[in-house]
Structures are given as C-alpha cells and as structure tokens.
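Below are the chains, spelled out letter by letter.
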Amino acid sequence: MSLPAVALLGGIVGLDATSFPQVMISRPLVAATLTGWILGDPASGVALGALHEIFSLAVLPVGASRYPETGTASVAATAAMLSSTAAGTWSTLLVALVFGLLWERVGGATVVIYRRSIEKLLLTTSGDALPSRKLELRHALTLGLDFARASLVTIGGVLLGSSLVVHLAPRADLPAGLIRGAIAVAAAAVLGGTLGVFGGWSERHKAFVLGAVAGCALLALR
Amino acid sequence: MLVRSFAVQGSFNYRTLIGAGFAFVLLPALRHVFRERPDELEAAARRHQEPFNSHPYLVGVAAGAVVRLEQEGAPPPVLERFKSAIRGSLGSVGDALFWAGVRPASVLLALVLVVAGAPFWLAVPIFLMLYNAAHVLTRTWGFRMGLKHGAGVAAGLRESVLLRAVGAAASIGAFLLGALSLLVAAGLLTENSALLTTIAAMAALGVGLAVGSMIRFPAVVALGLLLIAGLLRGALS
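Note that this is a predicted model, so its numbers are computed, not measured.

Student: Please set out the interface of chain B and chain A residue by residue, giving values where relevant.
Tutor: Contact with chain B, which involves 89 residues of that partner, is made by 83 residues of chain A. Elements represented by at least two residues in the side of chain B that touches chain A include exactly helix H2 (19-33), helix H3 (38-47), helix H5 (76-115), helix H6 (120-149), helix H8 (161-185), helix H9 (195-211) and helix H10 (216-236) of chain B. Broken down by element, the residue count for the side of chain B that touches chain A peaks at 15 residues, all from H8 of chain B. Here the side of chain B that touches chain A is built from residues that sort into 55 nonpolar, 26 polar and eight charged.

What follows is the structure, encoded as structure tokens:
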C-alpha cells in the first residue's frame, strides 16, 4: 500500500470537508472510491464507501456543531481493508466499516481541537484583529494546518485500522450470510432515520412512498 | 472574491466562526474601494474580522452586499447591523437547501445507481457534477445578488428561487431515499435476497422512520456487537 498517496488523499479529503473547496470529494462514497482506485481495487472502495455513505446521510454540518469527520475515516477504513489479503471477504468489510464509523469520531475530535487552537493565530499579540496582509498569510496557514491534521488522522487511521483488519477479520467466526443480513438491516434502519433530514414522515411520506414504488419497479426490471 | 470564497471556512474557529475568512474574501474588493486610503483599508479589514457566519455557498450574498455598502460609504454601525441581520437567513437557507437538500439528494442518486448495478465511474461523477453545478451556480449568483441589491438583498433573497428550491430538493431527496430503502431492504446492497433478511430489513426501516436519525448510534453499536460476538465465537471454538 502506498501510505504517502493515501495520506495525501486523506489531507485533501479532510480539507475539502470544511476548509477548501467543499466540492464533496470528502463524501464517504467518493473518498472511499478514490482510495480504492489509488490502491487498485475501486470496486471494494465503492462497496465500503456506499455503506459508510448510508450511515453518513443524516450527519449535517450545521452552524458550529460538532460532528464526526466521515471523509478521512472513509479513506483510512478503505485503505485498512485493502491492506488485508482477505480484502474481498464480508468479515473484512464488517471490521473496516465498524472501524470507519468509530474512527470518524476521532477525526471529528481533532477538528474541534484544531478549531480551538487556531483562534489565537487569528489575532495580533495584543489580541486585536490582524492587518490585511497578515490576515491573508494566516488564513493560508490555517489551510495548511488543516491539511496536515487531516493527513495525520488518516495515517493514524490506516495504521490502526490495518492492524485491526489483519488481526480481527480472520478471527471473527461469522457466516457471510449473517454479516450480509445484519449490514442490510442496519443500513435499512439508518435509511429510515434519514427521512428526518428532508422533513420527516409527516411532510415527505408521499415522495418517500413513491420512491419505494419506483424502487420496486427497478427491482422488477432487473 | 469568488475564488477566495471557496476557502472562506479555512480559518473557521469557535470565536469568530467565519469572521476571518469573510474578511479574507472581501480584501481584493476592499483594496479597490479604499485604494490610496491605506488607513481606511486596514480599518475595514479589521471590522470585517468580527464574528460572522453564513452558509459557505451563500457567503457571496453578504460579501457582495458589504462591498456595495462600503463603496457607498456606509458607516460601520450600519455594516454591523446589516451583517447581524443577514447571517441568520444565509445560514438557515443554505443549510436547508444544500446540507439537507441538494447534497443528500444528489448522493442518494449516486447510491441508487450503484446499488442498482451502475458502474462507479458513472455514478460517482454524476453525483459530483450535479452537486457542483448547483454549488458553483449558487456561489456566483450570490455575489451578483449582493452586489446588485446591497442592503436590500434580504428582500431579494426572500423572492428568489432559492426558497422554492429548498422544498423541491427535499422532495426529490425523499423520493430517492424511498427507492434506495426498498433496494437495500430487498438485499441488493449486500447481495442477500433471503426472505428473512428482507422482512427484518423492512421492519428495521419502519423503526428508523419512527425513531429518526437517533437510530444511527444503536445501528453502529449493533454492528460492533455482532463483530464482538464473532470474535468471541472464534476464540471459544
């Protein structure tokens, strides 16, 4: 695995989440696909990314709220999964998915620490607002710091995640059918919970039910 | 200013929120407004570093309006009142339109395509292109609105297509969510079309609809417990 390439991607993804340019390469579906592509297995990246994305749909970065950092976690989890020789198994996917869903909390915590730590950087030594040139330089510096933070979070995630995947996945004695079923059930529950993002059942039940009917039609056409 | 607006949240912090970033975005225009008046330029740069917030894609509305007000020589208290008044609308409209509308709706389209069997090199770019078309158009539109209307931009915002787009994006999102939910419950995501799984998934979907987004944590815990159970089983066998 090319750790520098993954760390670079993690830095870019972490930056995209909030700092620059917010074009959504930080979404788990995109981040995991890109990671898989870099590491030679985009299909596995998409599979993990799609699952992580489903779990992230209802995570909204509104105002100054604290939220998990899904992008870097997705990069780390995908790289960890693909570091295993048993990358295509459901056990490996389960370990990587659970790891990613936990590691995003660590990433989110580093974002909070980072945001608090740059407050003083944006003031003069006497606590006043910065002159114009210094503001531009310090603003650019914060972009660099966020990139570095995200890269380090990704590297940490890859190292820890790889170790967990390699040691835990072969030891998890679970039938593949059970894992697949459990993931489907968990994903369905989370998707149901996501309707609240669009206004909830009372406001959007017609659109939701129409969509489910369209899903049936799509199923019938396959 | 438009290019700089892509980095407006770069220095986001809990003291000034996007205050520093907002001043960063304004600087090219302020240098033009206050050319040959460096003291006034620095005073303007300082006052615009005060706490401020906005949805990042709509910051152009405020930035354009502030530039117009600065050009017209509006006194600092007027600028401060304007920014205080507009920040709430820009935040709530942007959050409703993008974070709770366009973003989940466009990524849901990609997910439906992926789960239905479309190649990733089609689904993922479709998401990125759709989303960023809306994103970049909104940023550009915001700057034009702000520069055109100045202090009256709030009225322009209320009459704009943005508010109507919020409802449309949410309906499209709910539709795609319904489609994806059905496909996932039917087992397409995990290649598991066992009847028991489908029944359990439909029940879980119902629970999720009833509970809301709080279901996320128990769902993650449940997967974690399944993993732990597998490890224990492996250790004991």
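Let us keep going from here.
Student: Which residues make up the domain arrangement of chain B, and what values go with them?
Tutor: In terms of domain boundaries, chain B breaks down into domain 1 (2-193) and domain 2 (194-237). Residue classes in the side of domain 1 of chain B that touches domain 2 of chain B are distributed as three nonpolar, four polar and no charged.

Student: Could you give an account of the domain arrangement of chain A, naming the residues involved and the relevant values?
Tutor: Residues and elements named next belong to chain A. Each assigned domain of chain A is listed here: domain 1 (3-174) and domain 2 (175-222). Look at where the C-alpha atoms of domain 1 and domain 2 centre, and you get two points 26 Å apart. Residue-level contacts link ten residues of domain 1 with 13 residues of domain 2. Broken down by secondary-structure element, the contributors of at least two residues to the side of domain 1 that touches domain 2 are helix H3 (42-56) and helix H5 (90-117). Of the residues assigned to the side of domain 1 that touches domain 2, the class counts are nine nonpolar, one polar and no charged.

Student: For the environment of valine 67 of chain B, give the residues involved together with the corresponding values.
Tutor: Assignment of secondary structure puts valine 67 of chain B in helix H4 (residues 59-71). For the pair valine 67 of chain B and leucine 225 of chain B, spaced 158 residues apart in sequence, the C-alpha to C-alpha distance is 56 Å.

Student: Lay out the environment of leucine 30 of chain B with the relevant residues and their values.
Tutor: Topologically, leucine 30 of chain B is positioned in helix H2. Leucine 30 of chain B sits 36 residues away from valine 66 of chain B along the chain, and the two C-alpha atoms are 9.7 Å apart.

Student: Give a description of unusual backbone geometry that names residues and reports values.
Tutor: Cis geometry marks the peptide bond from phenylalanine 20 of chain A to proline 21 of chain A; its omega dihedral reads -15°. Inspection of the secondary structure assignment puts proline 21 of chain A in the loop between helix H1 (3-18) and helix H2 (28-38). Unusually for a residue other than glycine, methionine 24 of chain A sits at a positive phi of about 75°. Examined against the element boundaries, methionine 24 of chain A turns out to sit in the loop between H1 and H2. Of the residues examined, methionine 24 of chain A has 20 C-beta atoms within 10 Å and is grouped as buried. Its identity as a non-glycine residue notwithstanding, leucine 17 of chain B has a phi of 55°, on the positive side. Tracing the backbone shows leucine 17 of chain B in the loop between helix H1 (2-5) and H2.

Reading the values: rules and limits
- Residues numbered from 1 in each chain as written.
- Chains lettered and ligands numbered in written order.
- Predicted model: local features only at pLDDT ≥ 70, side-chain atom pairs only at ≥ 80, totals over all residues.
- Contact = placed C-beta atoms within 7 Å.
- Helix = DSSP H or I, 4+ residues; strand = E, 2+ residues; numbered from the N terminus.
- Nonpolar A, V, L, I, M, F, W, Y, C, P; charged D, E, K, R; others polar.
- Domains from an automatic or database assignment.
- Buried ≥ 20, exposed ≤ 12 C-beta atoms within 10 Å, placed from the backbone.

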